[in-house]
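# Report on the structure
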Amino acid sequence: MSTQELIATAHSLVAPGKGILAADESNATIEKRLSKIGVTSTEAARRDYREMLFSAPGISEAISGVILYDETIRQKAADGTSFVDLLKKRGIVPGIKVDTGAKDLASCPGEKVTEGLDGLRDRFKEYYKLGARFAKWRAVININDGTPSETCLIANAEALARYAALAQEQSIVPIVEPEVIMDGAHGIERCEDATVRALVHVFSKLREHKVMLEGLLLKPNMILAGTEAANQPEIATVADRTVRTFLRYVPAAVPGIVFLSGGQSDELATAHLNEMNAKYPNVPWQLSFSYGRALQAPALKAWGGKPECVKSGAAAFAHRARLNSAARYGKYSPAMESQ
Ligand code: 13P
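Being a predicted model, the structure only gives us computed values, none of them experimental.

### Overview of the site of the ligand
Residues in close proximity to the ligand total 13 residues, the closest being Lys-136, Lys-219, Ser-261, Gly-262 and Arg-293. Take Lys-136: an N or O atom from its side chain is 2.6 Å from an oxygen atom of the ligand. One of the backbone nitrogen or oxygen atoms of Gly-262 is found 2.7 Å away from an oxygen atom of the ligand. Here the ligand occupies the largest pocket. Sorting the residues of the shell around the ligand by element identifies β6 (134–141) and β10 (286–291) as the ones contributing at least two each. Of the residues in the shell around the ligand, the class split is 3 nonpolar, 4 polar and 6 charged.

The structure is reproduced here in structure tokens:
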């Protein structure tokens, strides 16, 4: 393990004004996204789409790193440059999703545990050679009647900590992602409660497994009401609750909190991040983004799988990236959406 390398990489991923693009959809997930715009998910289509994102003009100021999928980290752009080299040349750090998905937790019907620990040390070694310098592992936590259970939270926290320890051993920065899912009609209090319980277990397990907090990033949900809740909180309420929760339960040694968008609209995900940075400029960690859908939705729509629309797809992505970059400084306003 190279401690200095881990710390330097973690800091570069949350450099001022920058955040992460999550482009690590599994083939099953990207197929769903592509089919919505009428595109068949072939290897070539997935490559063309991701090449459009990775080579979009002007994103280097806003995007510090990209999370790739196993297929993508091995792919090349049309001119033969590997995606890894393309990103590195633009000053963007390549990352890799290493979990193998959330599976049913046998002891807890309706709950999930994320798999992928078997053989992970060797996979990290290969990914490091391929150029990955950070990784992602996502735990899925559902709010439902009587859930999340302690059993589910502990099983996921243990897996996250074992993954993080292995990543650091191989000089790869782990992104630790306990995601409390937005689905449901629950109020914001239940999201806060589930998030707090998840964080307590995660940081306890990280300590047990001797993970160096200075060399990781936390990727959590924001504190939100369920998507079907009648009462949707104001932007300021989400910002206050989210920052309060993380101030209470995330040690100051962690360099950055990089939020997922989780199904929020792209504009709301930007507005929430902006409000946190505008109102709380002196928190101990960087507050940044590691968005998938909230960065990609406008690009997918503008591209539509048409070669003649690659330029507008890339421009739509770059625009969204710039708006989130502004939100990193608390300088975003909805008026900028149309500029
Ligand atoms: P969303 O921003 O679409 O939630 O994706 C981020 C991510 O990487 C989820 O694991």
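So much for the structure itself; the text now carries on.
### Examining the side chain of Arg-241
Within the element layout of this structure, Arg-241 appears in helix α9 (residues 235–249). A distance of 2.7 Å separates polar atoms of two side chains, one belonging to Arg-241 and the other to Glu-192. With residues up to four places along the chain from it excluded, the contact list for Arg-241 reads Ile-188, Glu-189, Glu-192 and Ile-223.

### Details of the side chain of Lys-136
The residue Lys-136 is located in strand β6 in this model. Polar side-chain contacts of Lys-136 include one of 2.7 Å to the side chain of Asp-24. Setting aside its immediate chain neighbours within four residues, Lys-136 contacts Asp-24, Ile-67, Ile-96, Lys-97, Val-98, Asp-99, Tyr-163, Ile-175, Glu-177 and Lys-219.

### A few points about helix α10 (residues 266–279)
In this model α10 runs 20 Å from its N-terminal to its C-terminal C-alpha over 14 residues, within 8% of the 20 Å that 1.5 Å per residue would give. When we look at burial in α10, the residues that qualify are Asp-266, Ala-269, Thr-270, Ala-271, His-272, Leu-273, Asn-274, Met-276 and Asn-277. Residues of α10 that are buried make contact with α9, β9 (256–259), β10, α11 (293–303) and α12 (310–328).

### Considering the pattern of salt bridges
The final tally for this structure, using the stated rule, is 23 salt bridges. Residues Lys-205 and Glu-208 are paired through a salt bridge, measuring 3.7 Å at the closest nitrogen-oxygen approach. Of the two residues, Lys-205 and Glu-208 are both situated in helix α8 (residues 188–208); the distance of 3 residues between them amounts to about one turn of the helix. Residue classification places Glu-208 among the partly exposed residues on the basis of a relative accessible area of 43%. Within the structure, one salt-bridge network assembled from shared partners comprises Asp-24, Lys-97, Lys-136, Arg-138, Glu-177 and Glu-179.

Rules used throughout
Residues numbered from 1 in each chain as written. Predicted model: local features only at pLDDT ≥ 70, side-chain atom pairs only at ≥ 80, totals over all residues. Heavy atoms only, no water. Near = heavy atom within 4 Å. Polar contact = N/O pair within 3.5 Å; in protein donor to acceptor, adjacent residues only side chain to side chain. 1 Å grid on protein atoms, 1.4 Å probe; cavity = no way out; pocket = protein on both sides within 12 Å on 5 of 7 lines; lining within 4 Å. Sits in = over half its atoms within 2 Å of the grid points. Helix = DSSP H or I, 4+ residues; strand = E, 2+ residues; numbered from the N terminus. Nonpolar A, V, L, I, M, F, W, Y, C, P; charged D, E, K, R; others polar. Contact = heavy atoms within 4.5 Å. Expected span 1.5 Å × (residues − 1). Buried < 20%, exposed > 50% of the residue type's maximum accessible area, 1.4 Å probe, protein only. Salt bridge = Lys/Arg side-chain N within 4 Å of Asp/Glu carboxyl O.

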